[in-house]
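Structural overview for review
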Amino acid sequence: MSKIDRAAVSATMTVEEFTQYVRISRTSAYRLFRAGDLKPIEIRNRTLVRRIDADDFLARCAQASAA
């Protein structure tokens, strides 16, 4: 199973999996975190993104581009 496949079935994804999921750079992901556009979670020194938050972020981006 590839990293993308595991991200598709998991409730959380690593920053690397998130960047592949939305096709942005790691730097851009951390900019989103700092700006408050996406809230990461930290578990034992690992930064993760909840799948529901990633999907909500994409939905907000789609709405903004449609407006």
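Report follows, based on the coordinates. Here, residues in each chain are numbered from 1, in the same order as that chain's written sequence. Local features in this predicted model are restricted to residues whose pLDDT is 70 or higher, and side-chain atom pairs enter the listing and the counts only when it is 80 or higher, whereas totals over whole chains, interfaces and linings include all residues. In computing side-chain values, all of the structure's heavy atoms are included and hydrogens and water are not.

**Section: helix α2 (residues 15–22)**
For the α-helix, the turn length of 3.6 residues means that residues three or four positions removed from each other point alike. Within α2, the full set of buried residues consists of V15, E17, F18, T19 and V22. Remark: R23 follows α2 within two positions and exhibits a positive phi of approximately 60 degrees. Note on exposure labels: buried denotes an accessible area under 20% of the residue type's maximum, exposed denotes more than 50%, and partly exposed covers the range between, all computed with a 1.4 Å probe on protein chains only. In DSSP terms, a helix is any run of H or I states spanning at least four residues, a strand is any run of E spanning at least two, and both are numbered starting from the N terminus.

**Here's the deal with the pattern of salt bridges**
Here a salt bridge means any side-chain nitrogen of Lys or Arg lying within 4 Å of a carboxyl oxygen belonging to Asp or Glu. Considering all chains together, one arrives at one salt bridge under this definition. Residues D53 and R50 are paired through a salt bridge, measuring 2.9 Å at the closest nitrogen-oxygen approach. Assessed through its relative accessible area of 38%, R50 is described here as partly exposed.

**Observations concerning the nonpolar core**
By convention a nonpolar core is built from buried Ala, Val, Leu, Ile, Met, Phe, Trp, Tyr and Cys residues, the set being connected through side-chain atoms within 4.5 Å. Counting 11 residues, the largest nonpolar core is built from M13, V15, F18, V22, A29, L32, F33, L38, V49, A54 and F57. Only α2, α3 (26–35) and α4 (51–66) provide two or more residues apiece to this core. We call two residues in contact whenever any of their non-hydrogen atoms come within 4.5 Å of each other. Ignoring any residue separated from it by four or fewer positions in sequence, one finds F33 in contact with V15, L38, P40, T47 and V49.

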